[in-house]
Amino acid sequence: MAEEFFENNSFYKDAVRATTIIYQLHYEEKLDVGRAAVKGADDVAFYSEDFSFLLNEKCKLGSNFAHRFRFESSYVDLFRKEGFLNSIKEIELYLFNGGAAFLNVYIVYKNTESEYAYKLINPGYMNSDFSDFHKQLESFISKIQINDVAGLLSPYGSEDSIINETFTHDVALVRKRFKHTETMERLAYNTHRIIDVSRDFSDVSERDIYYTYGGRDVEKETYRWCCCISSQSASYVYGSENAEISEKLIKELVDEGLPITMLVMYQRSMCTMLKEKLQGALDIYSRYSKRKIVNLKMQALMFNVNGTIAPSQVSRWHNICETYRKLCDMTGIDESLEEIQNKIEYISEEQSRHTSRVWGVIAAIITIVGTVQTVSAIITLIDMFN
């Protein structure tokens, strides 16, 4: 109900916000992700209490699926300057098997500072005061040392701006639980737009969004959280009855939902890279060696088998599975997987046709050679009789 939104507006004005900016990277070298070491960064468990047991086993430290690193504070201090950039709290690196990687910049700020966060993240403000920050970030990425080797990582996508391919995981924490889903949706939508969550704002032109919710508490008869899902962000609003909202509490909430987002980011990134490689094979098919095409097909098939994760395998909680499912839908993962499968089938058919043509030519050559040899033998016999 709209009344709840306006009645509790003072609680919403005092919200604490956190945004994790997820920069998409990639690496070309063969890398044992489980044994990788990053200079100046500590290993951090890629774990969630909401994950199923099998998924936590897949993501545990030492596995070759994913590896999470958190840079030491001295590296974070390189970016923390006067003004809003002082809100940067952590910088993390995620390495996934297959070439996908992400650099996450975690910022915490007051609801009244949302304007600065919007300008930091929005590509339309790249010529603002934050443009130097992104240039510095690109330089930092190029110098990250993995197993004592620098230059393995590079930003993925547009060369004009590192921010064009970013995804954000946003959290707003308010000191009031919610009675109605409509109230949560309005707050989550404002979180998604990175504006003051207490603002009375709507945009009918934006239709590509979806909402998921935590279950309603049977005793309190209130809701705890809502997530607004779009193609470029996962934006959560949480209600808490705690009198004090600390940075520790909001960090716990970020870590609660971020692992789901990172799983989706990994699959989106792999789908994008595989589609481009397969398209490249189609565009210059005649120049690709058979071995290279076979390796590319195997890479795509292995990702389809081992890299993708069905929603039912993610968690025992339905609303977590539903959030994951909608994130996959909104980021186009299912469509991408279908496109990858179609490209693989087309390349396989082209290989079969190419093989048939080659054998056809060989058969024709054998026939011609056989005919010539037969005529030559007849001529030789005639000469002998003569």
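Please refer to the structure higher up on the page.
Each chain carries its own residue numbering, running from 1 in the direction its sequence is written. Two thresholds apply to this predicted model, a pLDDT of at least 70 for residue-level local features and 80 or more for giving and counting side-chain atom pairs, whereas whole-chain, interface and lining totals are computed over all residues. Remark: hydrogens and water are excluded; side-chain values derive from all non-hydrogen atoms of the structure.

A.B. asks: Can you walk me through the overall build of the chain in this structure?
C.D. replies: Put simply, DSSP H or I for four residues or longer makes a helix, DSSP E for two residues or longer makes a strand, and each gets a number counted from the N terminus. Along the backbone of the chain there are eleven helices and twelve strands. Burial classes: relative accessible area under 20% of the type maximum marks a residue as buried, over 50% as exposed, and values in between as partly exposed (1.4 Å probe, protein chains only). Counting every position in the chain, which comprises 386 residues, the buried fraction comes to 49%. Within the chain, contacts between residues separated by at least 24 positions form 74% of all contacts whose residues are at least 6 apart in sequence. Every accessible area reported is derived by Shrake-Rupley at a probe size of 1.4 Å, with residue values counting cover from the shown protein chains alone. As presented, the chain carries roughly 19,900 Å² of accessible surface, and 51% of it is formed by carbon and sulfur atoms. Contacts are assigned to residue pairs that have any heavy atoms within 4.5 Å of one another.

A.B. asks: Even after reading the chapter, I still don't get the nonpolar core, so can you show me in this structure?
C.D. replies: One recurring pattern in soluble globular proteins: nonpolar side chains tend to sit buried together. Only buried residues count toward a nonpolar core. Its members are Ala, Val, Leu, Ile, Met, Phe, Trp, Tyr and Cys residues joined through side-chain atoms within 4.5 Å. Within the largest apolar cluster, 58 residues are counted, with the highest numbers of intra-cluster contacts made by Phe 96, Phe 102 and Leu 263. It is helix α8 (residues 247-283) that provides the largest number of residues to this core, a total of 17 residues. Residues in contact with Phe 102, not counting those within four places in the same chain, are Ile 22, Tyr 23, Gln 24, Leu 25, Glu 92, Leu 93, Tyr 94, Phe 96, Met 262, Met 265, Tyr 266 and Ser 269. Counting 38 residues, the second-largest nonpolar core is a separate cluster that includes Phe 69, Phe 79, Ala 117 and Leu 137.

A.B. asks: Can you help me understand the state of the cysteines in this one?
C.D. replies: As used here, a disulfide is simply a covalent bond connecting the sulfur atoms of two cysteines. Pairs of cysteine sulfur atoms within 2.5 Å are what we label disulfides. A full pass over the atoms with the stated rule returns zero disulfides. Not part of a disulfide, Cys 328 finds its nearest cysteine sulfur in Cys 271, a span of 9.1 Å. Classification of Cys 328 by relative accessible area gives buried; the value is 6%.

A.B. asks: So what exactly am I meant to see when it comes to helix α5 (residues 114-121) here?
C.D. replies: A turn of α-helix holds 3.6 residues, and therefore any two residues three or four places apart point the same way. Turning to α5, its buried residues number three or more, namely Ser 114, Ala 117, Leu 120 and Ile 121. All buried residues of α5 lie within an arc of 115 degrees about the axis, which places them on one face of the element. Along the arc lie the directions from the helix axis toward the C-beta atoms.

A.B. asks: Explain the pairing of strand β1 (residues 16-27) to me, please; I cannot follow it from the model alone.
C.D. replies: Consecutive residues of a regular strand have side chains that alternate between opposite faces of the sheet. Counting buried positions along β1 yields twelve of twelve residues, so the element is predominantly enclosed. Side chains Val 16, Ala 18, Thr 20, Ile 22, Gln 24 and His 26 of β1 all project onto a buried face; the interleaved residues Arg 17, Thr 19, Ile 21, Tyr 23, Leu 25 and Tyr 27 project onto the opposite face, where all are buried too. By the convention used here, strands pair only if DSSP detects at least 2 bridges between them. Note that β1 and strand β5 (residues 100-110) share eleven bridges and pair antiparallel. By the bridge assignment for β5, Thr 19 is matched with Ile 107. With seven bridges connecting them, β1 and strand β9 (residues 167-174) associate as antiparallel partners. When the bridges of β9 are listed, Ile 22 appears paired with Phe 167. Bridging between β1 and strand β8 (residues 153-155) involves three bridges; their strand directions are antiparallel. If you follow His 26 over to β8, its bridge partner there is Ser 154.

A.B. asks: Just to check I follow, could you spell out the packing of aromatic side chains for this structure?
C.D. replies: Pairing of aromatic side chains here covers Phe, Tyr and the six-membered ring of Trp, requires ring centres within 6.5 Å, and sorts the geometry by plane angle: under 30 degrees stacked, over 60 edge-to-face, intermediate tilted. Tallying each qualifying case throughout the model produces 20 aromatic pairs. Summarising the aromatic geometry, the rings of Phe 96 and Phe 102 are spaced 6.0 Å apart at their centres and angled 80 degrees between planes, so their arrangement reads as edge-to-face. Phe 96 gets classed as buried once you look at its relative accessible area, which sits at 0%. Assessed through its relative accessible area of 1%, Phe 102 is described here as buried. Ring centres of Trp 225 and Tyr 236 lie 5.8 Å apart, and the angle between their planes is 45 degrees; on these two criteria the pair is classed as tilted. With a gap of eleven residues between them, Trp 225 in strand β11 (residues 225-229) and Tyr 236 in strand β12 (residues 233-239) connect regions that are remote in the sequence. Exposure remark for Trp 225: the relative accessible area of 7% places this residue in the buried category. Through pairs of rings, three or more aromatic residues link up here, namely Phe 46, Phe 51, Phe 65, Tyr 94, Phe 96, Phe 102 and Tyr 266.

A.B. asks: Please clarify how unusual backbone geometry should be interpreted in this entry.
C.D. replies: Glycine aside, a negative phi is what most residues show, and trans is what most peptide bonds show. Phi at Asp 148 takes a positive value of approximately 70 degrees, unusual for a residue other than glycine. With respect to the secondary-structure elements, Asp 148 resides in the loop between β6 (145-146) and β7 (149-150). One non-glycine residue with positive phi stands out, namely Glu 221, at about 55 degrees. The residue Glu 221 is located in the loop between β10 (210-213) and β11 in this model. Relative accessible area serves as the criterion here: at 48%, Glu 221 is assigned to the partly exposed category.

A.B. asks: Honestly, helix α6 (residues 131-143) in this entry has me stumped. Any pointers?
C.D. replies: Each helix should span, by expectation, one fewer than its residue count multiplied by 1.5 Å. Between its first and last C-alpha atoms α6 spans 19 Å; for 13 residues at 1.5 Å apiece the expected length is 18 Å, and the two agree. For α6, the full list of buried residues reads Ser 131, Phe 133, His 134, Leu 137, Phe 140 and Ile 141.

A.B. asks: What exactly am I supposed to notice about the layout of surface pockets here?
C.D. replies: One simple way to see leftover space: roll a probe sized like a water molecule over the atoms. Its volume calculated, the largest pocket comes out at about 730 Å³. Around the largest pocket, the lining is made up of 26 residues, and of these Lys 30, Gly 98, Gly 99, Lys 277 and Gln 299 lie nearest the centre. Mapped onto the lining of the largest pocket, the elements with two or more residues apiece are β1, α8 and α9 (290-307). For the lining of the largest pocket, the element with the most residues is α9, which contributes nine residues. In this analysis a 1.4 Å probe is tested at points of a 1 Å grid over the protein atoms alone, and where it fits but cannot get out there is a cavity; an open set with protein on both sides within 12 Å along at least five of seven lines is a pocket; lining residues have an atom within 4 Å of a point. Grid points are joined across faces, edges and corners, and a volume is the space filled by probe spheres set on the points.

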